[in-house]
Amino acid sequence: MKTLIVYAHPEPKSLNSSLKDLAVSTLETAGHEVRVSDLYAMNWKAVVDAADYGPDASRPLKVALDSGRAFDAGTLTPDVLAEQEKLLWADTIIFQFPLWWYTMPAILKGWVDRVFTYHFAYGVGEHSDTKYGERFGEGTLAGRRALLSVTAGGPESHYAARGINGPIDDLLFPIHHGILYYPGIEVLPPFVLYGTDRMTSVEYPDVAKAWEQRLLTLESTEPIAFRPQNFGDYEIPSLHLKEGREPAGRTGFGLHVRG
């Protein structure tokens, strides 16, 4: 298995850094190839601008179209091209980050904004009476798996179904479904650690053991059963879920998960 770890935390001595290092050692010991994109160490540029697209940038700037034209021409900046190559190389992508203000750190969102360009991560495939492009289960990155490894400062009860922060599955849905599943990546259930602001060194061995177990079962873990777009569950072109496809009483984000 070839694994890319995209890591986003500014402190080398953080819990997130320890989890990243443990993932590298565990997977390599098990015989897997691992690459790491340490975004802070790379001084990753987090903002999209015309410089990303060189001679293919238009005036006024049109981010989607310009990024696709630069991708097609091979004129994206070297840092973006390198990350796209890593994604194509990988079988599995692990995203290691803290949950900040209910989402990923800005530097990681900037990685997505710049690397997931038009004609690479989206804007691919045919549009017809039966297909609406290749996305949500199809696309350039189909055949790969991804896992979010997330640390949250608050206790687990705050992220439960009736918790004040909202269910963790809902908070992660925009990443799971909107960023990862959109270009075809199968998404594994996340590895979430709660109460990490108060975690002590005494607790870490149990955390490490649980993380190692998840890492060693990546290939056998069933992905979240998101509904593919073009295989009968959705009306096209409205992309509304067909009536009666959901279990009784299910609403919201859960509509887009089978079973």
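If you're wondering where the values come from, they're calculated on a predicted model, not measured in any experiment.

A word on the overall build of the protein. Regarding its fold elements, the protein presents six helices and six strands. Overall, the protein shows an N-to-C arrangement of helices and strands of β-α-β-α-α-β-α-β-α-β-β-α. For 259 residues, the compact-globule estimate of 2.2 N^0.38 gives 18 Å, and the C-alpha radius of gyration of the protein, at 19 Å, lies within 12% of that figure. Projected onto its principal axes, the C-alpha positions of the protein cover 55 × 50 × 35 Å. Each of the 259 residues in the protein was classed as buried or not, and the buried ones make up 46%. Sequence separation of 24 or more characterises 74% of the internal contacts of the protein that already satisfy a separation of 6 or more. Of the roughly 12,700 Å² of accessible surface on the protein, 54% is carried by carbon and sulfur atoms. Averaging the coordinates of the 24 positive side-chain charges in the protein and doing the same for the 33 negative ones gives two points 2 Å apart.

One pass over the full model with this rule turns up 11 aromatic pairs. On the numbers, 6.0 Å between centres and 80° between planes, the contact of Phe 173 with Phe 226 is edge-to-face. Here Phe 173 is found in helix H5 (residues 168-181), whereas its partner Phe 226 is found in the segment after helix H6 (204-216), with 53 residues between them in sequence. We note that Phe 173, like Phe 226, is buried. Geometrically, the ring pair formed by Phe 173 and Phe 253 is stacked, given 4.1 Å between the ring centres and 5° between the ring planes.

Enumeration according to the criterion identifies 14 salt bridges in this entry. A salt bridge links Asp 49 to Lys 45, with the shortest nitrogen-to-oxygen separation between them at 3.2 Å. A salt bridge links Arg 145 to Glu 186, with the shortest nitrogen-to-oxygen separation between them at 3.6 Å. Of the two residues, Arg 145 sits in strand E4 (residues 145-151) while Glu 186 sits in strand E5 (residues 186-187), which places them 41 residues apart along the sequence. Using a relative accessible area of 16% as the deciding quantity, one classes Arg 145 as buried.

Time to look at the nonpolar core. Counting residues in hydrophobic clusters, the biggest one holds 45 residues, and the most contacted among them are Phe 95 and Trp 111. When residues of this core are traced back to their parent elements, those giving at least two are strand E1 (2-7), helix H3 (78-89), strand E3 (92-98), helix H4 (106-115), E4 and H5. Looking at which element gives the most residues to this core, the answer is H5, with eight residues. Those residues within four positions of Phe 95 in sequence are excluded, and the remaining contacts are Val 6, Leu 108, Trp 111, Ala 146, Leu 147, Leu 148, Ser 149 and Leu 180. Leu 22, Leu 147, Leu 193 and Leu 215 belong to the second-largest nonpolar core, a separate cluster that totals 19 residues.

Attention now goes to the side chain of Gln 229. Positionally, Gln 229 belongs in the segment after H6. Among the polar contacts listed, one links the side chain of Gln 229 to the backbone oxygen of Gly 133, at a separation of 3.5 Å. Gln 229 has contacts with Tyr 132, Gly 133, Arg 135, Phe 136, Tyr 234 and Leu 239, leaving out every residue within four places of it along the chain.

Taking the UniProt record as the reference, the feature "domain: Flavodoxin-like fold" (unreviewed entry) is found at residues 1-214. Split by type, residues 1-214 is 34% helix and 14% strand. Its first and last C-alpha atoms lie 14 Å apart.

We now examine the pairing of strand E2 (residues 33-38). As paired elements, E1 and E2 share six bridges and run parallel to each other. Bridging from a neighbouring strand, Ile 5 pairs with Val 36 of E2. Once you follow E1 into helix H1 (residues 15-29) and on to E2, the crossover reads as right-handed.

What follows is about the layout of surface pockets. In this model, the largest pocket occupies a volume close to 320 Å³. Lining the largest pocket are 17 residues, and of these Thr 151, Ala 152, Gly 153, Thr 196 and Asp 197 sit closest to its centre. Its residues assigned to classes, the lining of the largest pocket shows eight nonpolar, eight polar and one charged. Lining the second largest pocket, in full, are Asp 169, Asp 170, Phe 173, His 176, Pro 189, Pro 190, Ile 224, Phe 226, Phe 253, Gly 254 and Val 257. Among the residues forming the lining of the second largest pocket, the class breakdown is seven nonpolar, two polar and two charged.

Calculation criteria
Residues numbered from 1 in each chain as written. Predicted model: local features only at pLDDT ≥ 70, side-chain atom pairs only at ≥ 80, totals over all residues. Heavy atoms only, no water. Helix = DSSP H or I, 4+ residues; strand = E, 2+ residues; numbered from the N terminus. Rg over C-alpha atoms; globule rule 2.2 N^0.38 Å. Buried < 20%, exposed > 50% of the residue type's maximum accessible area, 1.4 Å probe, protein only. Contact = heavy atoms within 4.5 Å. Areas by Shrake-Rupley, 256 points an atom, 1.4 Å probe, with all protein chains shown as cover. Lys, Arg positive; Asp, Glu negative; His and termini not counted. Charge placed at Lys NZ, Arg CZ, Asp CG, Glu CD. Phe/Tyr/Trp six-rings, centres within 6.5 Å; stacked < 30°, edge-to-face > 60°. Salt bridge = Lys/Arg side-chain N within 4 Å of Asp/Glu carboxyl O. Core = buried A, V, L, I, M, F, W, Y, C linked by side-chain atoms within 4.5 Å. Polar contact = N/O pair within 3.5 Å; in protein donor to acceptor, adjacent residues only side chain to side chain. UniProt positions renumbered as here; feature names shortened; annotations may be inferred. Pairing = 2+ DSSP bridges. Right-handed = clockwise from strand over helix to strand, strands pointing away. 1 Å grid on protein atoms, 1.4 Å probe; cavity = no way out; pocket = protein on both sides within 12 Å on 5 of 7 lines; lining within 4 Å. Points joined across faces, edges and corners; volume = space filled by probe spheres on them. Nonpolar A, V, L, I, M, F, W, Y, C, P; charged D, E, K, R; others polar.

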